[in-house]
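# Tertiary structure, described
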Amino acid sequence: MIKGRYSGWIRPILYIIDLLIISFLSYFCLTKSVIDMSFFVAFWIILSISFSFYKVYRFTKIIKVVSLLFKLILVLGLAVTSYFYIVKATTAPKDISNFLLLLFLTFGSWRVVLHVFLRKYRLITGSNYKQVVIIGSNESTRRLEQFFKNQRSYGYRFLGYFTDKNEKEKKGDVKDSFSFIVENGIDEVYCSVKELNNDQIKEFISFSDINIKTLKFIPDNKELYTKALHLNYYDLTPILSLRKIPLDDSVQGLIKRSFDVVFSLIIIVFVLSWLIPVLGLIIMLESRGPIFFQQNRPGIKEQGFGCYKFRSMTLNSRSEDSATRNDARITRVGKFIRRTSIDELPQFFNVLFGSMSVVGPRPHLWRQNEIYGPKIPKYMVRHFVKPGVTGLAQVRGYRGEIETREDIMNRTKYDIFYIENWSLLLDFNIIIQTVLNVLKGEEKAY
């Protein structure tokens, strides 16, 4: 079965179709001016972000979507009216009313049809589903279990529940759930806080971070730490999500991917096109071996990929060992390209091909994952997004060799902050800071 293979494209395609509808209706109802239509499209983009109109999930009720649409079009109408009054010095109430009415009817019909289609599609094909388990057994978990079983069109596949209570239908005790989750490729884990003590909750949080699983809570009156939890409802059951990652939103993911493609193409065309033959010749003249060094590293969801660099060392059998200060393996040209970070530039091919991003947590060695994954809290959360050519931790001074526990703790802290607070503006700031750091030189660039 294909599990969520195409779901990431739904929101970007939805956004594009919506913008085309607005352009089409504004052309026939309001104006023939491309500039005017551009303003109306811009109004829609700004308002849709403000109203979180595209943050709609598989469990969101269609009535909520229609309600959001009504509010959004109402405010859009005020914006369009104000625009005509200020720019055109005239208003066309009838034309604006027709535009807004057609917009509401078109969008409303389009959303209902899409909602029904996706639910039927999941039900018939069994694709685009998430495999889930529940931890605990009580009234709330049974209600959630019925939701998963009876509302299969929402795209959830319920594989059972775990509890320490003596019940025949359970898959096992709470402690048995950890191996089951890993062995059966479970996507989301729903924990009833009512049946878990604080130590067990911490254990599930740590386990989900290490194994890159989505953890959600069925709340009661217990305290759930000082985190900004996110509340949703599955039918009548309240669900708390432990972590909200901006790049999980496919529209924002598309924005970042578009930026990655454009930026990497600029670097490849205007820098690497002439740098590769020049630097490649120098590398080969100093020491025998290839121009590029490729190393398998863990990427998003800890999936391996070939990470490219300009070769800065002599050929050796210690490729899994990180470079250290005054490392004898580093060549003379290698010292220069490592100090200036030129050796990392071939990774823009990784960015173009989709295995990396311009900005993100730096990809570590597999051996480092094995060492730090079980020991450093939330270390594996770094793999919820694509690794980057540069990152927030790097511009804050935590790049290169990991010499102390504090180094990896701070690197992880900054990486997680980036993941949970991503914005395109933050990416720009990190890129600018990276360039400034390279120009002034960095102590740990060796």
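## Quick word on the pairing of strand β7 (residues 292-298)
Direction of pairing for β7 relative to strand β8 (residues 304-310): antiparallel, over a ladder of seven bridges. Pairing of Arg 297 across the sheet is with Phe 305, part of β8. As consecutive antiparallel partners, β7 and β8 are separated by five residues, and within that stretch Lys 301 has a phi angle of approximately 55°, a positive value.

## Notes on a nonpolar patch on the surface
Among the surface-exposed residues, Leu 425, Phe 428, Ile 432, Val 435, Leu 436 and Leu 439 lie close enough to one another that they form a single nonpolar patch of about 610 Å² accessible area. Relative to the assigned elements, Val 435 resides in helix α14 (residues 424-440).

## Side note on the packing of helix α8 (residues 250-286) against α14
One way to put it is that α8 packs onto α14 with a least axis distance of 11 Å and a crossing angle of 30°. Between α8 and α14, the crossing angle belongs to the class labelled roughly parallel. Between α8, through Ile 255, Lys 256, Phe 259 and Phe 263, and α14, the contact on the second element is made entirely by Leu 424, Asp 427, Phe 428 and Ile 431. For the contact of α8 with α14, the residue count by class is six nonpolar, no polar and two charged.

## Describing the packing of aromatic side chains
Enumeration over the complete set of coordinates arrives at 26 aromatic pairs. Judged by centre distance (5.2 Å) and plane angle (80°), the rings of Phe 259 and Phe 428 are edge-to-face. One end of the pair, Phe 259, is in helix α8; the other, Phe 428, is in helix α14, with 169 residues separating them in the sequence. Here the aromatic cluster, defined as three or more aromatic residues joined through ring pairs, consists of Phe 39, Phe 40, Phe 43, Tyr 83 and Phe 84. The ring of Tyr 414 has Lys 413 lying over it, and the distance from NZ or CZ to the ring centre is 5.0 Å.

## With respect to the confidence of the model for the protein
Of the residues in the protein, 86% have a pLDDT of 70 or more, and the chain-wide mean is 83. Within the model, the stretch residues 1-6 combines pLDDT values under 50 with 13 contacts to residues more than four positions away or in other chains. In this model, residues 221-227 is a region of pLDDT below 50 whose contacts with residues beyond four sequence positions or in other chains number 14 contacts.

## Examining α14
For an α-helix, 3.6 residues make a turn, and residues three or four places apart therefore share a direction. Compared with the 24 Å implied by 1.5 Å per residue over 17 residues, the 25 Å span of α14 between its first and last C-alpha is a close match. Tucked inside the fold, the buried residues of α14 contact α8, β9 (357-359), β10 (388-390), α12 (392-395) and α13 (405-420). Just past α14, the residue Gly 441 takes up positive phi, approximately 90°.

## Brief notes about helix α7 (residues 198-211)
Taking 1.5 Å per residue, 14 residues should reach 20 Å; α7 reaches 20 Å between its end C-alpha atoms and fits that length. Listed as buried for α7 are Gln 200, Ile 201, Phe 204, Ile 205, Phe 207, Ser 208 and Asp 209. Contacts from the buried residues of α7 go to β1 (130-135), α6 (177-183), β3 (188-192) and β4 (214-218). Backbone nitrogen of Asp 199 and a side-chain oxygen of the N-cap are separated by 3.1 Å at the start of α7; the cap is Asn 197.

Thresholds applied
- Residues numbered from 1 in each chain as written.
- Predicted model: local features only at pLDDT ≥ 70, side-chain atom pairs only at ≥ 80, totals over all residues.
- Heavy atoms only, no water.
- Pairing = 2+ DSSP bridges.
- Helix = DSSP H or I, 4+ residues; strand = E, 2+ residues; numbered from the N terminus.
- Patch = residues over 30% accessible without salt bridge, like charges linked within 9 Å, V, L, I, M, F, W, Y side chains within 5 Å.
- Areas by Shrake-Rupley, 256 points an atom, 1.4 Å probe, with all protein chains shown as cover.
- Salt bridge = Lys/Arg side-chain N within 4 Å of Asp/Glu carboxyl O.
- Axes fitted to C-alpha atoms, helices over the stretch in contact; angles between N-to-C directions.
- Parallel < 35°, antiparallel > 145°, perpendicular 65-115°, else oblique.
- Contact = heavy atoms within 4.5 Å.
- Nonpolar A, V, L, I, M, F, W, Y, C, P; charged D, E, K, R; others polar.
- Phe/Tyr/Trp six-rings, centres within 6.5 Å; stacked < 30°, edge-to-face > 60°.
- Lys NZ or Arg CZ within 6 Å of the ring centre and 35° of its normal.
- pLDDT = per-residue confidence, 0-100.
- Expected span 1.5 Å × (residues − 1).
- Buried < 20%, exposed > 50% of the residue type's maximum accessible area, 1.4 Å probe, protein only.
- Polar contact = N/O pair within 3.5 Å; in protein donor to acceptor, adjacent residues only side chain to side chain.

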